[in-house]
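# Tertiary structure, described
These are the residues of each chain, in order.
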Amino acid sequence: MDVKIAPSWKERLATEFEQPYFQTLAELIRAEYNNGTIYPPARLIFNAFAQCSFDDVKVVILGQDPYHGPGQANGLCFSVNDGIDIPPSLRNIFLEIHNDLGKDIPQLGNLERWAKQGVLLLNAILTVRAHEAASHQNKGWERFTDAVIRLLSEQKEHLVFLLWGKYAQDKGKIVDHRKHLVLQSAHPSPLSSKKFFGNHHFSRANEYLQTIGKTAIEW
């Protein structure tokens, strides 16, 4: 599988791409794209890595799997393409940023602007069948993204991990809390947003980045 990602990722993940489990996963996903509607478009499966190189990562946000509606998923967790209605969870994220930092609530939900500043927007599962949430769960993606998180935790220092909801928090247990700032709260979904609001994760992330001499994120 010729994966289109930033060279700094490709060299570090080369051995992962050669693992038997990943070869099996690649064959399965290729067949899925050939036989049905899968999101995001194949060229954007690894968009999170293409938009934010390993060397540039400052913040990691963990999602679960891509949006499964037409035109939504663009390979960045919580993000949607321009012209697509902003989903409820993302709307709540924008509202928390507004309350936390006083910023205007965006009219567009494309988060490429975050990725280009060093925010890795990583879903645990990178593909999904149309209208079937979690349909590519337990196929191998979780093992791959665990390897990504482990790589970041071990080879970098002073990252900020934003873990929203139990799924992300469980996945983030492999992060070394002694080397990185790990912020946890409820998920921004409308089902749990009352406990998400007021977490001040965005100001806390920026304060931490500035204390270690890095540029704050323009959320």
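Heads up: the structure comes first, above all this text.
The present account deals with the structure reproduced in this document. The residue numbering used here restarts from 1 in each chain and proceeds along that chain's sequence as written. Given that this is a predicted model, residues contribute local features only at a pLDDT of at least 70 and side-chain atom pairs are listed and counted only at 80 or more, while totals for whole chains, interfaces and linings are drawn from all residues. The side-chain figures draw on all heavy atoms in the structure; neither hydrogens nor water molecules are used.

## Some details on the overall build of the chain
- The helix and strand labels rest on DSSP assignments: H or I over at least four residues marks a helix, E over at least two residues marks a strand, and numbering proceeds from the N terminus. If you tally the helices and strands in the chain, you get 9 helices and 6 strands.
- Here the C-alpha atoms of the chain give a radius of gyration of 17 Å, agreeing with the 17 Å that 2.2 N^0.38 yields for 219 residues.
- Counting only C-alpha atoms and orienting by the principal axes, one finds that the chain spans roughly 45 × 35 × 25 Å.
- A simple rule labels every residue: compare its accessible area, found with a 1.4 Å probe on the protein chains alone, to the largest value its type can have, and call it buried under 20%, exposed over 50%, or partly exposed in between. Counting every position in the chain, which comprises 219 residues, the buried fraction comes to 54%.
- Contacts were defined at the residue level, with two residues in contact if any of their heavy atoms lie within 4.5 Å. Within the chain, residue pairs in contact and separated by at least 24 positions form 67% of the contacts whose partners lie at least 6 positions apart. We compute the radius of gyration from the C-alpha atoms alone; for a globule the expected value is 2.2 Å times N to the 0.38, where N is the number of residues.

## Regarding the packing of aromatic side chains
- Here is the rule: rings of Phe, Tyr and Trp (six-membered ring for Trp) pair when centre to centre is within 6.5 Å. Planes less than 30 degrees apart are stacked, more than 60 are edge-to-face, and the remainder are tilted. Summed over all chains, the structure comprises 21 aromatic pairs.
- Ring geometry for phenylalanine 202 versus tryptophan 219: centroids 4.9 Å apart, planes at 75°, classification edge-to-face. Remark: tryptophan 219 occurs in the segment after α9 (201–211) and phenylalanine 202 occurs in helix α9; sequence separation between them is 17 residues.
- Three or more aromatic residues joined by ring pairs make a cluster, and in this case those are Trp9, Phe17, Tyr21, Phe22, Phe46, Phe49, Phe54, Trp141 and Phe144.
- Counted as over-ring charges are cases with an Arg CZ or a Lys NZ within 6 Å of the ring centre that also lie within 35 degrees of the ring normal. Against the face of phenylalanine 54 rests lysine 156, its NZ or CZ located 5.0 Å from the ring centre.

## As for helix α1 (residues 7–17)
- Of all the positions in α1, only Ser8, Trp9, Leu13, Glu16 and Phe17 are classed as buried. Axial view of α1: buried residues confined to an arc of 145°, hence all on one face. Facing away from the buried side of α1 by more than 90 degrees, the exposed set consists of Pro7, Glu11 and Thr15.
- Tucked inside the fold, the buried residues of α1 contact α2 (20–35), α3 (47–51), β3 (119–123) and α6 (141–155). What the arc covers is the set of directions going from the helix axis to the C-beta atoms.

## What about the packing of α2 against α6?
- It is at 9 Å that the axes of α2 and α6 come closest, and there the two elements cross at 125°. Relative to α6, the element α2 lies oblique. The two elements α2 and α6 meet at a crossing, and its hand is left-handed. On the side of α2, the interface is formed by Tyr21, Phe22, Leu25 and Ile29, while α6 contributes Trp141, Arg143 and Phe144.
- Any residue outside Ala, Val, Leu, Ile, Met, Phe, Trp, Tyr, Cys, Pro, Asp, Glu, Lys and Arg is labelled polar, Gly included; the first ten of those are nonpolar and the last four are charged. Of the residues in the contact of α2 with α6, the class split is 6 nonpolar, no polar and 1 charged. To get an axis, fit a line to the C-alpha atoms, keeping to the stretch in contact for a helix; angles then go from 0 to 180 degrees between the N-to-C directions. Orientation categories follow fixed angle ranges, with anything under 35 degrees roughly parallel, anything over 145 roughly antiparallel, 65 to 115 roughly perpendicular, and all other angles oblique. The hand of a helix crossing depends on one turn: near helix anticlockwise from the far one by less than a right angle means left-handed, and clockwise means right-handed.

## Things to note about the pattern of salt bridges
- Salt-bridge detection follows one rule: a side-chain nitrogen of Lys or Arg within 4 Å of a carboxyl oxygen of Asp or Glu. Considering all chains together, one arrives at 9 salt bridges under this definition.
- Salt-bridge contacts for glutamate 132 lead to arginine 129; the nearest nitrogen and oxygen are separated by 3.3 Å.
- Within this structure, Glu11, Arg12 and Asp55 form a network of salt bridges that share partners.

## Considerations on the sheet that holds strand β2 (residues 59–63)
- The sheet built from 4 strands is open, its strands ordered β3-β2-β5-β6 with parallel pairing. Each end of this open sheet is capped by a strand with a single partner; those strands are β3 and β6 (181–185). With strand direction ignored, the average angle separating the axes of adjacent strands in the sheet is 20°. Pairing between two strands requires that DSSP report at least two bridges joining them.

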